[in-house]
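# Descriptive analysis of the structure
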Amino acid sequence: MKKHYYGIDVLRGLGIFMVIILHTAFYFYHDIYTIDLNNPTLIITLIGFLLMFAGLFAMISGFVYTLQYTLHTEQSRRLKGMLISALSLLIIAYLYFIFTGPGLIHFDTQSMDESLFVGFINQQRFTGISLDRLLYVDSLVMLSINIALLTLCFKLFSNYFIHSNKPYLLFIFSTLFLVISYLRIPLYPYYLNAREENRWLLTFLLNWFVAKNNPILPFFAFALYGAWFAMLLRVHRFKNTVKRIIPLAILFIILGALGYILAPETMLDREIDVTWYFIMVIQIGLFLNILLCFIWYFDIRQKDQKPISTFLSRFGIAGLTPFFFESVVSAIIFFLITLFIPLELGIPGALIYGIILALAWGFFLIYWQTKQYRYGLEWLHTKFVKRYGGSTKAKKLEGDMND
């Protein structure tokens, strides 16, 4: 079994590259507050759907951590490293959303709840931190929680992950967790009521499970399906893995699509309802197929690394730093431009601005690679984690990823 899948780096990098573009397009679109959520344009609907792709990162994380755990020679040391990694990433996540993260849009009041630094750039004053930002489960918080939960699973079922030749048991557990995740729909109103009534114990107990935007229900299911994918590759040849994944992935897409068609159209409202749930079901199948395609193309066919895939893979290796700072950088650049040129961006202009910034980050990573990404968040994170359980990310940052 391979120790490293280049296709995963490319896919993760493509995801981060798209996030930078979409964050910029969404938050610098001048008429964002006037979007008709009941009758959105095709491009707005597409951007809204793509902004819901956090589950892809969860699935990649589940795949990678399971792969690393099953191949590690000292499992107990690896578990300790995973737990430290989860804690480190959780700290980064809250620093990100408090200081540098993107704004939270409130359509009802036509206002933006901004992070400290972005708010200072846009309003020339510190606006303070809202409770919404502190409780918001963004993608980094979600990933750190998933790593911690995977650590617990590996600890409790170590023999299964190391020695079992029955990956279908993990598929059954993943599917049960996805079904149980439907409970987020009835639990979410209880969570909102607890917040409104200042019942803080219940609020904090439910927050990571059901709150917006990427809580345990259902995003740990994405990590579990990623773990199942890794287990399949450990037990079977790739061709046999394909035969197991594609039919099930297509089934998820069909069932999710049928449910979505029959449910009310509330995707852009970001309601926690039946429509949301079936979008998650669609994404399970979609993301499994995407992972399969990228691994097949870049690792099984072993295509030569092209300039575009190499460009994107750098985001997959060191993209956390651009992700952390992109909202601040885009706000500074836009502020400087508007000092000289009054500028209001429509959708095309906002997308172009996002693409330019994403490309600029990519060229910065080309230069930074020559310095082994020193002093970036990945470099600091891996230096810390490496003391406890080793890190394949450290090898990637150093440019050493031989199988």
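To be clear, the structure that these remarks concern was listed above.
Procedures and definitions
Residues numbered from 1 in each chain as written. Predicted model: local features only at pLDDT ≥ 70, side-chain atom pairs only at ≥ 80, totals over all residues. Heavy atoms only, no water. Phe/Tyr/Trp six-rings, centres within 6.5 Å; stacked < 30°, edge-to-face > 60°. Helix = DSSP H or I, 4+ residues; strand = E, 2+ residues; numbered from the N terminus. Buried < 20%, exposed > 50% of the residue type's maximum accessible area, 1.4 Å probe, protein only. Lys NZ or Arg CZ within 6 Å of the ring centre and 35° of its normal. Expected span 1.5 Å × (residues − 1). Salt bridge = Lys/Arg side-chain N within 4 Å of Asp/Glu carboxyl O. Axes fitted to C-alpha atoms, helices over the stretch in contact; angles between N-to-C directions. Parallel < 35°, antiparallel > 145°, perpendicular 65-115°, else oblique. Contact = heavy atoms within 4.5 Å. Nonpolar A, V, L, I, M, F, W, Y, C, P; charged D, E, K, R; others polar.

Applying the stated criterion across every chain, the model contains 42 aromatic pairs. Aromatic pair tyrosine 225 and phenylalanine 252: ring centres 5.5 Å apart, planes at 80°, arrangement edge-to-face. Of this pair, tyrosine 225 sits in helix α12 (residues 216-235) while phenylalanine 252 sits in helix α13 (residues 238-262), placing them 27 residues apart in sequence. The pair tyrosine 225 / phenylalanine 252 is uniform in exposure class, with both members buried. Among the aromatic side chains, those forming a connected cluster through ring pairs are Tyr96, Phe97, Tyr136, Phe323, Phe324 and Phe325. Looking at arginine 133, its charged tip hangs above the ring of phenylalanine 97, at a distance of 4.2 Å from the centre.

Take helix α3 (residues 54-71) next. For α3, spanning 18 residues, the distance from its first C-alpha to its last is 26 Å, which sits close to the expected 26 Å at 1.5 Å a residue. Within α3, 17 of the 18 residues are buried, which leaves the element mostly enclosed by the surrounding structure.

Moving on: the pattern of salt bridges. In this structure the tally under the stated criterion is 4 salt bridges. Notably, a salt bridge pairs lysine 396 with aspartate 9, separated by 2.8 Å at the nearest N-O pair. Linking lysine 396 in helix α19 (residues 392-397) with aspartate 9 in helix α1 (residues 6-27), this pair joins segments that are 387 residues apart in sequence. Both residues of the pair, lysine 396 and aspartate 9, belong to the buried class.

This part takes up the packing of α3 against helix α4 (residues 75-100). Between α3 and α4, the least distance of the axes is 9 Å, while the angle of their chain directions is 155°. Regarding the angle of α3 to α4, the classification is roughly antiparallel. For the pair α3 and α4, the contacting residues are Tyr65, Gln68, Tyr69 and Thr70 in the first and Gln75, Arg78, Leu79, Met82 and Ser85 in the second. For the contact of α3 with α4, the per-class residue count stands at 4 nonpolar, 4 polar and 1 charged.

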